[in-house]
Amino acid sequence: MPNPLYNPQLLTFLKVAEAGSFNKAAEDLHISPPALIKQINLLEAALDLRLFSRSHRGLELTTAGESLLQDARYLIQYCQDSVQRAQSARQKEQKVIRLGTSPMTPVDFLLDLWPKLQQVSADIQFHLIPYDNTIESAREILKNLGQNIDVVAGVFDEGMFHLHEYCTGLAIQKQPMEIYMPVNHPLTKKSNLTWKKLEGETLCVIQAGWSNQMDKLRAEITLRHPRVKMRDFPFFNLEIFNACVNQGWLLVGFPIWENSHPLLTSPYHGLGLRHGLRHPVQSPTLRTGPVFPESPEKGAGAAGVKGKGAVTHATAVGREP
């Protein structure tokens, strides 16, 4: 969409200068070459400058054109940034929360929260922003929460924030740790699950340091159940889900992912983490209140940021500079 803050002929000039060809620039702008040349002629006439030198060797910028090119890039970028800043200011005024979403950070919990949110603030809006679920993108998003994305939903406990010191968490509900397995795994037919039944099975547990509760589980398995074959993996994503389905492995996961892979199921429950919103540490976006209550967190199942013995489903909110 054209930016009304600058003459569109300036963008045409920039495209021609970068392409070095009227025909190539016209193709990029989805207009005909004659229409493009007319725009350049009008710009040159308005500025009383010759911007391009046409010869048998092709199209070259004149000295004046070289000078204008540098400023054109700056002007166009500045105008685009200006509009983006104005839109961000409007979103803050309209109480818009930009919620990042991916297969590993679903936003189904909003369905339960929506009636309460409407009671507290009828004009609140959510914009869902999809992102790639990779280690690199997750790290970048959590580091820059409050810029393009305000909050990200996910499971956490207090041990995770030493990895992401620029954000904190607001707990919404407790998420029990569950053991997931392929739908055709023999253990799905058992009436209950014991450590004895897991002996000889490969149990995928996220690598040490991801969360305190996971590390406690890992230590217990190592000490008390050495015949369970633990397998580390670095990051929760569809790749580990696919591997479990194809290899017949078990996986320690959480209910928020119960619909992430149709061939994985979890008939058994166990410990838990908090689930909620990760957000910037000094975020104006979220405040505790009737919808997001602040809890003293005195038990394993307490909802809050610093509860013990539970991993919570919460939304991440980043720290603002």
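Residues numbered from 1 in each chain as written. Predicted model: local features only at pLDDT ≥ 70, side-chain atom pairs only at ≥ 80, totals over all residues. Heavy atoms only, no water.

A. Main features of unusual backbone geometry. Of note in this structure, His-30 is not a glycine but carries a positive phi near 60°. With respect to the element layout, His-30 can be found in the loop between α2 (22-29) and α3 (33-47). Classification of His-30 as exposed rests on a relative accessible area of 74%. Phi at Asp-48 is positive, roughly 55°, even though this residue is not glycine. Its location among the elements puts Asp-48 in the loop between α3 and β1 (52-55). (Helix = DSSP H or I, 4+ residues; strand = E, 2+ residues; numbered from the N terminus. Buried < 20%, exposed > 50% of the residue type's maximum accessible area, 1.4 Å probe, protein only.)

B. Geometry of the confidence of the model for the protein chain. Taken over all residues, the pLDDT of the protein chain has a mean of 77, while the share at 70 or more is 79%. Overall, residues 271-278 carries pLDDT values under 50, and its contacts beyond four positions in sequence, including any with other chains, amount to 103 contacts. In the model, residues 283-321 has pLDDT below 50 throughout and makes 172 contacts with residues more than four positions away in sequence or in other chains. (pLDDT = per-residue confidence, 0-100. Contact = heavy atoms within 4.5 Å.)

C. Here's a closer look at the side chain of His-225. Mapped onto the elements of the fold, His-225 is located in the loop between α8 (212-224) and β8 (229-233). Excluding its chain neighbours within four sequence positions, the residues that come into contact with His-225 are Trp-195 and Glu-220.

D. Representation of the pairing of strand β9 (residues 250-253) within the structure. Residues Leu-250 and Val-252 of β9 are buried on one face, and the alternating residues Leu-251 and Gly-253, pointing to the opposite face, are buried as well. The sheet contact formed by strand β6 (residues 167-182) and β9 spans three bridges and is antiparallel. Looking at β9, one finds that Glu-178 is bridged to Gly-253. In terms of strand pairing, strand β7 (residues 202-206) meets β9 through two bridges, oriented parallel. Bridge pairing links Cys-204 to Leu-251 in β9. (Pairing = 2+ DSSP bridges.)

E. Spotlight on empty space enclosed by the protein. Within this structure, the stated rule accounts for two cavities of 30 Å³ or more. Of the pockets and cavities examined, the largest cavity occupies roughly 60 Å³. Taken together, Tyr-180, Phe-241, Leu-251, Gly-253, Phe-254, Trp-257, Glu-258, His-261 and Leu-264 make up the full set of residues lining the largest cavity. (1 Å grid on protein atoms, 1.4 Å probe; cavity = no way out; pocket = protein on both sides within 12 Å on 5 of 7 lines; lining within 4 Å. Points joined across faces, edges and corners; volume = space filled by probe spheres on them.)

F. How the structure looks around the pattern of salt bridges. Throughout the structure, instances matching the rule amount to seven salt bridges. Across the salt bridge formed by Arg-73 and Glu-18, the nearest N and O atoms sit 3.7 Å from each other. Within this pair, whereas Arg-73 is found in helix α4 (residues 63-93), its partner Glu-18 is found in helix α1 (residues 8-19), the two being separated by 55 residues in sequence. Take Arg-73: its relative accessible area is 37%, and that puts it in the partly exposed class. (Salt bridge = Lys/Arg side-chain N within 4 Å of Asp/Glu carboxyl O.)

G. View of the packing of aromatic side chains. This model, assessed by the stated rule, comprises nine aromatic pairs. For the ring pair Phe-22 and Phe-52, a centre distance of 6.2 Å and an interplane angle of 70° mean the geometry is edge-to-face. Of this pair, Phe-22 sits in helix α2 while Phe-52 sits in strand β1, placing them 30 residues apart in sequence. In this structure Phe-22 comes out as buried when scored by relative accessible area, which is 15%. Pairing Phe-236 with Trp-257 gives two aromatic rings, centres 4.5 Å apart and planes at 40°, and the pair type is tilted. One end of the pair, Phe-236, is in the loop between β8 and α9 (238-247); the other, Trp-257, is in the loop between β9 and β10 (264-280), with 21 residues separating them in the sequence. The exposure class assigned to Trp-257 is buried, which follows from its relative accessible area of 6%. Taken together, Trp-210, Phe-233, Phe-236, Phe-241, Phe-254 and Trp-257 form an aromatic cluster joined through their ring pairs. (Phe/Tyr/Trp six-rings, centres within 6.5 Å; stacked < 30°, edge-to-face > 60°.)

H. Molecular detail of the pairing of β1. Relative to strand β2 (residues 58-61), β1 runs antiparallel, the two sharing four bridges. Following the sheet pairing, Arg-54 is matched in β2 by Leu-59. Taking the residues between adjacent antiparallel strands as the criterion, β1 and β2 are bridged by two residues.

I. How the structure looks around the packing of α1 against α2. At a minimum axis distance of 8 Å, the contact between α1 and α2 shows a crossing angle of 125°. Taken as axis vectors, α1 and α2 run oblique relative to one another. Viewed along their axes, α1 and α2 form a crossing whose handedness is right-handed. On the side of α1, the interface is formed by Thr-12, Lys-15, Val-16 and Ala-19, while α2 contributes Phe-22, Lys-24, Ala-25 and Leu-29. Partitioning the contact of α1 with α2 into residue classes produces five nonpolar, one polar and two charged. (Axes fitted to C-alpha atoms, helices over the stretch in contact; angles between N-to-C directions. Parallel < 35°, antiparallel > 145°, perpendicular 65-115°, else oblique. Left-handed = near helix turned anticlockwise from the far one by under 90°. Nonpolar A, V, L, I, M, F, W, Y, C, P; charged D, E, K, R; others polar.)

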